[in-house]
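Close look at the chain arrangement
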Amino acid sequence: MKKWTTLVLAALMLVGIVSCAAADTLSYTVFQQGDDVPNPVEAYEVSGVIRYWQDMFDIDMEWQIPPQGSEAEQMNLMLGTGDYTDIMDMSFNTESLSTLCDDGSIYDLTPYLDTLMPNYKAYLDANPDVKSALFDDTGRIYLVAIVQENPKQWGGLVYCRDILETMTGGNVAFPSGSEQPATIEDWEYMLDLMTQYFKAAGMTDYAGLILPATGYFSTGELISGFGIGGTDYVKADGTVGFGIAEDNFYNYLVKMKEWYEKGYIYADFASRSQDLFYLPNTALTYGGAAGVWFGLVQQLGGTMSLPEYGLNMNVLPIGAPADTANGVTAPIGTYLAATRATTNSGWAISTACSQEKLERILPALDWFFTPEGAATRSMGLSAEQGAANYEEYGEKGCPNGARENGSILWTAEMNTNTELGQYEFSQNRLPGLVVDYATRTCELSADGVDYTALGHQTWTQFGNSAVYPYVVAFTPDEMETVNRLSTNLQDYAHPMIVNFIMGREELTPESFAAYQQKLHDLGLDEYLTIKQAALDRFNARAAK
Amino acid sequence: MIEKMTKSRAVFCAVNYALMTLFGVLCLIPLWHVLMASVSDPRLLMASSGIIAWPLGTPTLEGYRIVLSNSAVIEGYGNTLIYVAVNAVAGTLLTAIAGYLVSRKNFRLAKPLTAFIMFTMIFNGGLIPTYMVIRSLGIINTRLAIILPALMNAYYIIVMKSAFEQLPAAYEESAKLDGAGPARILFQILLPLIKPTVVVIIMFSVIGQWNSWYPASIYLPRVRDKWPLQLIMRSLLIQNDVSKLLTSSSEANHVVNMTGNLVKYCVTVVGTLPILVAYPFAQRYFVTGITLGGVKG
């Protein structure tokens with residue numbers, strides 16, 4: 001009898017312990033986009049990093065991945081019906097975070113920074129640019145953000161060097177004496193050779209330079225060589241400018257008109273309004289019938305070649321040309337990927353999450369801002385972290401596949417597991433610090449060139465001081481006015497710009513002055529005043 | 001009667017045939033383009049513009065391999081077949097009952113019910129209220145969320161009602177005299193008489209459900225294993241949009257995935273081929289089926 005009683009008591013105890021342990025694990029539902037991950041649920045569930053992280057903090061994630069293309073609608077539906085998941089990826093949120101918080105949809109995380117997220121707080125304090133991007137005007141923060149330590153520029157102007165080599169027999173000599181085209185004169189030399197090449201090849205549909213359908217890059221490429229930005233930009237004195245209304249824009253238009261008449265610019269550029277600016281007319285670019293366009297880092301080098309069809313392309317990055325004839329010695333800095341964090345990139349905690357769960361998840365997310373956590377989320381598990389315990393690391397040849405202790409080199413798992421989209425998830429989806437990693441051997445092309453570095457260096461050589469940060473926050477009223485004025489201004493300006501370039505509209509100092517006046521009449525001054533005020537508030541937050 | 005072929009009639013017929021042939025070719029060109037693109041060399045496809053008459057480069061089935069090796073596609077086919085079958089059978093049955101009911105002249109509520117049904121054709125609750133109804137029924141993330149709302153379609157009920165109204169009352173009266181009840185009259189006497197209409201409604205239901213992805217995207221957010229084929233196909237299409245593939249990573253080592261462009265075409269073929277094949281078999285019923293309900297005698 002005594003034995004049986006002992007056995008029963010022991011069994012009860014065991015059950016108790018097991019149930020206590022089970023109850024200790026907290027489950028979280030996560031609304032997480034997975035648009036660039038082939039099998040998102042599987043990818044997130046089998047990820048060694050995620051499992052390691054969950055084990056460490058006794059938490060369990062239940063992923064709700066919206067169908068591709070329906071993310072924004074799902075997000076709105078969730079917010080509209082109050083059917084929140086515990087954690088929400090805010091990539092597709094269009095509502096202001098402070099409004100969501102005031103409406104009782106998400107938590108204000110500010111009170112928890114000191115106690116539950118010391119590493120996140122320390123990082124924010126040490127990085128004013130990130131802080132100003134994530135805090136609102138009232139000093140509140142709502143997001144555990146994805147923060148890029150050193151974002152790489154993903155695209156910019158590119159040119160086909162191989163055409164120049166072919167046309168000069170390898171003796172490319174730019175008028176400025178530079179190795180790469182650096183001035184308007186250099187570009188004219190280059191575009192002339194390219195046009196000759198296409199004509200000699202008997203091509204009827206070709207493009208020396210592909211301009212967007214609006215006639216200029218609103219992000220500032222090319223136009224920055226004329227000392228102005230595309231639309232919004234910050235001048236040297238800190239004031240906000242509207243590039244296509246500035247005096248120097250006249251010089252740009254004159255030059256583009258001249259190039260268009262000479263056949264340097266793609267004749268049909270104005271009709272390609274459906275093309276993405278970073279992916280213009282692929283029939284021309286991939287068909288070897290384009291000389292200069294806005295390209296992507298993936299297109300650099302010989303990746304676009306078709307040797308079996310005699311097409312050997314050598315695509316190189318190129319900076320904007322300085323309009324030296326009009327006194328511009330160097331382009332202004334307008335590279336795009338300078339923003340390290342935004343309020344659309346990270347996780348918010350919804351009010352569906354209980355206080356107990358909130359207090360567990362915040363320290364867990366804070367871990368991704370520690371050196372170890374940041375390296376792990378970005379590069380995968382190390383052997384010391386027990387990578388061998390996680391299936392996919394074993395499959396990839398663990399322990400050799402695991403990250404070396406303390407290293408920020410990529411693991412074999414991260415290198416090879418593109419099918420599961422681990423790369424995209426770790427880089428672009430999981431909150432925390434994305435560490436700046438060393439170049440991997442596999443990043444080098446067959447010719448041994450690190451094109452990621454080359455592209456970044458070329459496209460960012462003039463800095464980003466002229467970029468109007470797109471994380472600048474507006475009040476709802478300001479936003480409404482800015483959107484309305486922006487639409488009016490661009491609806492008028494874009495056809496005019498195209499007409500100026502194509503010669504359909506007379507381009508003289510007088511006609512350009514009339515064009516500028518019309519922009520002012522359409523509310524340009526009010527537009528710039530609002531933009532300036534928002535920028536000033538943004539800068540003030542960074543200074544606090 | 002054999003119509004005499006006059007000169008003018010011959011010209012008319014020739015022009016008619018020519019125009020119809022041209023129209024047919026115009027309809028076929030996009031299908032042919034997609035089919036040829038789906039077996040083309042992906043790199044050459046990237047550099048092509050205009051209509052593709054023949055496969056570019058060496059024909060390849062790589063795109064189909066990628067699409068069909070995705071287990072979700074097979075799962076999606078299974079789910080779609082379930083939704084299509086249940087909707088076609090149960091939906092048509094319920095539509096027939098509803099159509100029969102509102103077509104009876106001696107049924108007092110026929111007119112108010114018809115008006116009620118018509119009202120839903122013009123006005124609906126909108127996305128969020130509908131979602132909240134489905135949620136309050138407790139069927140979010142279940143197959144019922146797809147099946148139940150699609151069972152009744154106001155337009156089909158009206159078509160069915162009109163078809164029943166075309167039939168002479170004598171059929172029903174004779175059946176009643178022979179002792180048949182309403183169910184027997186409906187299923188054994190009247191329904192066989194409006195077979196073309198029934199076939200058209202079945203076909204419409206099948207096509208509607210086959211192409212349906214939106215309700216699943218709303219009501220099945222957490223159960224991907226219950227997603228219909230079209231939702232999976234749509235996801236694959238968007239995922240393989242070349243613009244996304246090119247910008248999904250900022251790293252040069254993430255070379256352009258040319259097959260993504262190819263996959264888009266393969267997804268289109270895989271998603272539409274079964275229904276394209278099935279369509280002609282029901283075609284002969286279409287004109288009869290639709291006009292049967294639309295002509296007043």
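Rules used throughout
- Residues numbered from 1 in each chain as written.
- Chains lettered and ligands numbered in written order.
- Predicted model: local features only at pLDDT ≥ 70, side-chain atom pairs only at ≥ 80, totals over all residues.
- Helix = DSSP H or I, 4+ residues; strand = E, 2+ residues; numbered from the N terminus.
- Buried ≥ 20, exposed ≤ 12 C-beta atoms within 10 Å, placed from the backbone.
- Contact = placed C-beta atoms within 7 Å.
- Domains from an automatic or database assignment.
- Nonpolar A, V, L, I, M, F, W, Y, C, P; charged D, E, K, R; others polar.
- Expected span 1.5 Å × (residues − 1).
- Pairing = 2+ DSSP bridges.
- Axes fitted to C-alpha atoms, helices over the stretch in contact; angles between N-to-C directions.
- Core = buried A, V, L, I, M, F, W, Y, C linked by C-beta atoms within 7 Å.
- Parallel < 35°, antiparallel > 145°, perpendicular 65-115°, else oblique.

1. Re the overall build of chain B
When its secondary structure is counted, chain B shows 15 helices and zero strands. Considering chain B as a whole, with its 297 residues, one finds that 35% of them fall into the buried category. Pairs at least 24 residues apart make up 72% of the contacts formed inside chain B by residues separated by at least 6 positions.

2. Examining the domain arrangement of chain A
The parts lose accessible area when they come together, and the size of an interface is often stated as this lost area. Residues and elements named next belong to chain A. According to the domain assignment, chain A consists of domain 1 (26–151 + 340–434) and domain 2 (155–334 + 466–543). Listed as interface residues are eleven residues of domain 1 and, on the opposing side, seven residues of domain 2. Of the residues that constitute the side of domain 1 that touches domain 2, the class distribution is three nonpolar, four polar and four charged.

3. Considering helix α1 (residues 7–38) of chain B
Taking 1.5 Å of rise per residue, the 32 residues of α1(B) would be expected to cover 46 Å, and the 46 Å separating its terminal C-alpha atoms lies within 8% of that figure. With two of 32 residues buried, α1(B) lies mostly on the surface of the structure.

4. Looking at the sheet that holds strand β6 (residues 207–209) of chain A
Residue and element names in this part refer to chain A. The four strands lie next to each other as β6-β9-β5-β10, forming an open sheet whose pairing is mixed. Whereas interior strands pair on both sides, the edge strands pair on one side only; in this sheet they are β6 and β10 (315–317). When the angles between neighbouring strand axes are averaged without regard to direction, this sheet yields 45°. Bridge count between strand β5 (residues 155–160) and strand β9 (residues 290–296): five bridges; the pairing is antiparallel. For Leu-157, the partnering residue across the bridge sits in β9 and is Phe-294. The strands touched by helix α18 (residues 451–459) are β5 and β10; relative to β10, the strand with the most contacts, the crossing angle is about 45°.

5. Quick look at the pairing of strand β4 (residues 144–148) of chain A
All names here are of chain A. Here β4 lies mainly inside the structure; five of its five residues are buried. Taking every second residue as pointing to the same face, both faces of β4 are buried, with Val-144, Ile-146 and Gln-148 on one and Ala-145 and Val-147 on the other. Alignment of β4 against strand β11 (residues 346–349), held across two bridges, turns out to be antiparallel. If you follow Ala-145 over to β11, its bridge partner there is Gly-346. As paired elements, β4 and strand β12 (residues 432–434) share three bridges and run parallel to each other. Following the sheet pairing, Val-147 is matched in β12 by Leu-433.

6. Thoughts on the sheet that holds β4(A)
Whether parallel or antiparallel, the strands of a sheet pair through hydrogen bonds between backbone atoms. Residues and elements named next belong to chain A. The six strands lie next to each other as β2-β1-β3-β11-β4-β12, forming an open sheet whose pairing is mixed. Edge positions in the sheet fall to β2 (59–64) and β12, since each of these pairs with one other strand and no more. For this sheet, the mean inter-axis angle between neighbouring strands, taken without regard to orientation, is 20°. In the packing of helix α13 (residues 355–366) onto the sheet, the strands contacted are β1 (26–31), β2, β4 and β11, and the crossing angle to β1 comes to about 70°.

7. Let's talk about the nonpolar core
The tendency in soluble globular proteins is for nonpolar side chains to be buried side by side. One finds A:Leu209, A:Ile210, A:Ile265 and A:Ile497 to be the most contacted residues of the largest nonpolar core, which totals 136 residues. The element contributing the most residues to this core is helix α11 (residues 195–211) of chain B, with eight residues. Discounting residues that sit within four places of it in the chain, A:Ile210 has contacts with A:Tyr266, A:Phe269, A:Pro280, A:Asn281, A:Leu284, A:Ala290 and A:Trp293. Among the nonpolar cores identified, the runner-up in size contains 52 residues, and A:Leu124, A:Ile146, A:Ala375 and A:Leu430 belong to it.

8. Looking at the packing of helix α11 (residues 248–262) of chain A against helix α19 (residues 476–502) of chain A
All names here are of chain A. Taken N-terminus to C-terminus, the directions of α11 and α19 make an angle of 50°; their axes are 7 Å apart at the nearest point. Here α11 is positioned oblique relative to α19, judged by the angle of their axes. Residue-level inspection shows Leu-253, Met-256, Lys-257 and Tyr-260 of α11 in contact with α19, the latter providing Ile-497, Phe-500, Ile-501 and Met-502. Classifying every residue of the contact of α11 with α19 gives seven nonpolar, no polar and one charged.

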